[in-house]
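# Structure assessment
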Amino acid sequence: MSKFDKYFLMNIDDIIEYTLEKLPNMNWDKESMKAVEIGDGNLNYVFKVWDNNGNSVIIKHAGEALRISDQMKVSTDRNRIESEILLIEETYAKGMVPHIYFYDTVMSACGMEDLSDHKLMRYALMEQEIFPKFAKDIAEFMFNTLLKTSDVVMEHKAKKELVKKFISPELCEITENLVLMEPYNDINKQNSFTKQNEEFVKRELYEDEELILEVAKLKFEFMTKAQALIHGDLHTGSIFVKQDSTKVFDPEFAFYGPMGYDIGNVIANLIFAYGKGLEKENNEFCDWILKTITEIIDIFINEYNENFEKIATEPMAKVKGFKEYYLDDILKDTASYAGTELHRRTVGMAKVKDLTSIENEDTRAFTERLNILCGKDYILNSSNFKNGVAFAKAVLKARADAE
């Protein structure tokens, strides 16, 4: 009988004992084992465990409520979903996700590869580090994990089984509300931004009926478009990097949704890094961000065009003109969801440190306006974004208009 036979919220004192029980074959030096809590996200508790023999592991443990609000309850089944998603992604994009050693549906915890030799990308970008390999890595990761889990490639019944297996109503509801509703109506009075932008936000977000209609369409698309197995929260805070490696983690929001949601989230979070680069007046870094945005879109398009016929199994996907139609739809969604991510992280309750760490109020207000205007361009003109240059030019236009 083990104390871990029934769920409870573990703390640092429980983790070493739990690790020994779940990973006995790692040849742990029990006397030198140490553990520390390293999580800084809103949902989970993340512990690093190591010893003097060179063994190390990350234990990720799901709580029953958000860390930012005890009132926001979420299913602990997200840990199973995350673990199984990472195992699936490892088959499609080998070496680009942390290896899962085990997952435990009782304690809602998993043990995964320790990536301490990598840096969390958000923090690295806030220090203006440049990663030349990232654009190719992330574009290929998204192509392989998205298109290959769609009806274009997968046998349809097998795909529908995955849709059923990875449905996550509670976490989808968080996205539906925090991303695709509240930034545009502040219905729960949780939005915040610099005081000098009060009239700007009111005019550009709350009172723009054309924009709100487009976001309403996006919300219903997000709720009903079971296109591919998406990560669901793919941003620079869920990516580890070093110069020769990119690792995607934290896919607990994963479900079958629109491909463009993942791609758009990556683009938007690079724009947050761009805003931080402007604060630091680092032109080399800002130029690299724009180059990276361009390359991600163009490499994804190139991978798509080169491989679509090779991997498509659905006969109707091979009808003349369908490949082009399908890509246009992905790019349109990419622009639209990049826009909603820019808005929700700028005015919504779950912000990013790239923005909140800007201390000068005038600079932060300018960055808020840049994000909002760029997001609106992406949403309202989503059909115009058909290549990487178009996505990057929108950032420059928003920068000029935000001045």
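Up top is the structure these notes are about.
These numbers were taken from a predicted model, which means no experiment stands behind them. (Residues numbered from 1 in each chain as written. Predicted model: local features only at pLDDT ≥ 70, side-chain atom pairs only at ≥ 80, totals over all residues. Heavy atoms only, no water.)

## Description of helix α8 (residues 198-206)
Looking only at α8, the buried set comprises Phe 200, Val 201, Glu 204 and Leu 205. An end-on view of α8 places all buried positions within 95° of arc, on one side of the element. Looking at the packing, one finds that the buried side of α8 touches α7 (182-185), α9 (209-224), α12 (322-347) and α14 (361-380). (Buried < 20%, exposed > 50% of the residue type's maximum accessible area, 1.4 Å probe, protein only. Helix = DSSP H or I, 4+ residues; strand = E, 2+ residues; numbered from the N terminus. Arc of directions from axis to C-beta. Contact = heavy atoms within 4.5 Å.)

## Details of the packing of aromatic side chains
Think of a pair of aromatic rings as described by two things: how far the centres are apart, and how the planes are tilted against each other in angle. Per the counting criterion, the structure on display carries 16 aromatic pairs. Consider the rings of Tyr 261 and Tyr 337, whose centres lie 5.3 Å apart with planes at 70°: the pair is edge-to-face. Taken as a pair, Tyr 261 in helix α10 (residues 259-279) and Tyr 337 in helix α12 lie far apart in primary sequence, 76 residues in all. Of the residues examined, Tyr 337 reaches a relative accessible area of 0% and is grouped as buried. Ring geometry for Tyr 304 versus Phe 308: centroids 5.1 Å apart, planes at 45°, classification tilted. Placement of the pair is Tyr 304 and Phe 308 together in helix α11 (residues 283-311), with a separation of four residues, close to one helical turn. Taken as a pair, Tyr 304 and Phe 308 share a single burial class, namely buried. (Phe/Tyr/Trp six-rings, centres within 6.5 Å; stacked < 30°, edge-to-face > 60°.)

## Some points on the pairing of strand β3 (residues 56-62)
Counted residue by residue, β3 has six buried out of seven residues, so it is predominantly covered. Where strand β2 (residues 44-50) meets β3, seven bridges bridge the pair, whose relative direction is antiparallel. Within β3, the position partnered with Phe 47 by the bridge is Ile 59. Remark: five residues form the turn of the hairpin made by β2 and β3, two consecutive strands paired antiparallel; Gly 54 in that turn has positive phi of roughly 90°. The pairing of β3 with strand β7 (residues 109-112) spans four bridges and is classified as antiparallel. By the bridge assignment, Lys 60 is partnered in β7 with Cys 110. (Pairing = 2+ DSSP bridges.)

## Quick word on the sheet that holds strand β1 (residues 34-37)
Where strands meet in a sheet, backbone hydrogen bonds hold them as pairs that are either parallel or antiparallel. Spatial strand order, β1-β2-β3-β7-β6: five strands in an open sheet with antiparallel pairing. Pairing within the sheet leaves two strands with one partner each, and these edge strands are β1 and β6 (100-104). Geometrically, the sheet is characterised by an average inter-axis angle of 20° between neighbouring strands, direction not taken into account. Against the sheet, helix α1 (residues 12-22) makes contact with β1, β2, β3, β6 and β7, and its axis sits at roughly 125° relative to β1, the strand it touches most. Here helix α2 (residues 78-92) sits on the sheet and contacts β2, β3, β6 and β7; the angle it forms with β6, its principal contact strand, is near 155°. (Axes fitted to C-alpha atoms, helices over the stretch in contact; angles between N-to-C directions.)

## Looking at the sheet that holds strand β11 (residues 245-248)
Within the open sheet, the three strands sit side by side as β8-β10-β11. Their pairing is antiparallel. The open sheet has two edge strands with one neighbour each: β8 (119-120) and β11. Where strand β10 (residues 239-242) and β11 come together, four bridges link them in antiparallel fashion. Of the residues in β11, the one forming a bridge with Phe 240 is Lys 247. On the sheet, helix α4 (residues 134-146) packs against β10 and β11 and is oriented at approximately 35° with respect to β11.

## What about the side chain of Arg 345?
Its place among the elements puts Arg 345 in helix α12. Among the polar contacts listed, one links the side chain of Arg 345 to the side chain of Glu 341, at a separation of 3.0 Å. Polar contacts involving the side chain of Arg 345 include one to the main-chain carbonyl oxygen of Ala 350, which spans 3.1 Å. Residue contacts for Arg 345: discarding those within four places in its chain leaves Asp 233, His 235, Phe 272, Ala 350, Lys 351, Val 352 and Leu 355. (Polar contact = N/O pair within 3.5 Å; in protein donor to acceptor, adjacent residues only side chain to side chain.)

These values are about where atoms sit, not about what they do.
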